[in-house]
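Observations on chain architecture
What follows is each chain in one-letter form.
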Amino acid sequence: MSPVTDADTVRTRIPAAERRELVLDAAVIEFGDHGWHGARVEAIAARAGISHPYLMRISSKRNLFVDAMDRAFDRMEASFTEAVTASPEADPIVTIGEAHRRLLIEDGAVMRLHMHALAVASDDDVGAAVRDRVGRFFDRLRDLTGASEDRIRTCFAVGLAYAAFVTLDLPEKDGHL
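**Thoughts on the environment of A26**
Assignment of secondary structure puts A26 in helix 2 (residues 16-38). On the basis of relative accessibility, which here comes to 2%, the residue A26 falls in the buried class. On a C-alpha basis, the gap between A26 and V41 in space is 9.8 Å, while along the polypeptide they are 15 residues apart. The residues contacting A26, other than those within four sequence positions of it, are I44, R47 and A48.

Shown next as structure tokens:
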């Protein structure tokens, strides 16, 4: 066996933009799995392949949560926008519902993070950011669909029920979705 040399241990430096993407992807998964209170910054750093001290120099747990939550909502909005744009003749609320159902199954971390965000909407540290983001999401749904506020609220409520079914693993067990 040959000795380990410095050349064997040199790490390639990841560009800052790429590193940020890795951190946010890791944060979506960690906060999606464990929520605001249970997620560990150490786990996010390990998942992203960077050191915990380095991550704490460039961010905080609060900022990571808010940024990950924004990413999760951005993914939902992009999915809904794409679906409505692709089917302009269809009822946009129904189209969004189908896009939401697909997203629940295909990107569970995003949907779990969405649920965790709603659960901490009254938290002193992150609650204001959650309430602001949910308000902007509601406005985006209204703008995208042209639907009444009552219809948007119903869409949101049904979406939460779907998310609960998926989180509880009911679709595969009992065919609820």
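**So, the nonpolar core**
With 48 residues, the main nonpolar core has F31, I44, L55, F65, M69 and F80 as its most contacted residues. Elements represented by at least two residues in this core include exactly helix 2, helix 3 (41-48), helix 5 (61-86), helix 6 (92-106), helix 7 (108-119), helix 8 (127-145) and helix 9 (149-167). It is helix 5 that contributes the most residues to this core, eleven residues altogether. Aside from chain neighbours lying at most four places away, what touches I44 is V23, A26, A27, E30, F31, L55 and L64.

**Some thoughts on helix 9**
Given 3.6 residues to a turn, an α-helix orients residues that are three or four positions apart in the same direction. Counted at 1.5 Å a residue, the expected span for helix 9 with its 19 residues is 27 Å, and the 26 Å between its end C-alpha atoms agrees. Along helix 9, the residues classified as buried are I152, C155, F156, G159 and A163. All buried residues of helix 9 fall inside an arc of 100 degrees around its axis, so they share one side. Taken together, the buried residues of helix 9 touch helix 6, helix 7 and helix 8. In the segment just after helix 9, D169 is the residue with positive phi, at about 65 degrees.

**With respect to the side chain of E77**
Tracing the sequence through the fold places E77 in helix 5. By relative accessible area, which is 16% here, E77 ends up buried. Ignoring any residue separated from it by four or fewer positions in sequence, one finds E77 in contact with R133, R136, F137 and R140.

What counts, and at which threshold
- Residues numbered from 1 in each chain as written.
- Predicted model: local features only at pLDDT ≥ 70, side-chain atom pairs only at ≥ 80, totals over all residues.
- Heavy atoms only, no water.
- Helix = DSSP H or I, 4+ residues; strand = E, 2+ residues; numbered from the N terminus.
- Buried < 20%, exposed > 50% of the residue type's maximum accessible area, 1.4 Å probe, protein only.
- Contact = heavy atoms within 4.5 Å.
- Core = buried A, V, L, I, M, F, W, Y, C linked by side-chain atoms within 4.5 Å.
- Expected span 1.5 Å × (residues − 1).
- Arc of directions from axis to C-beta.

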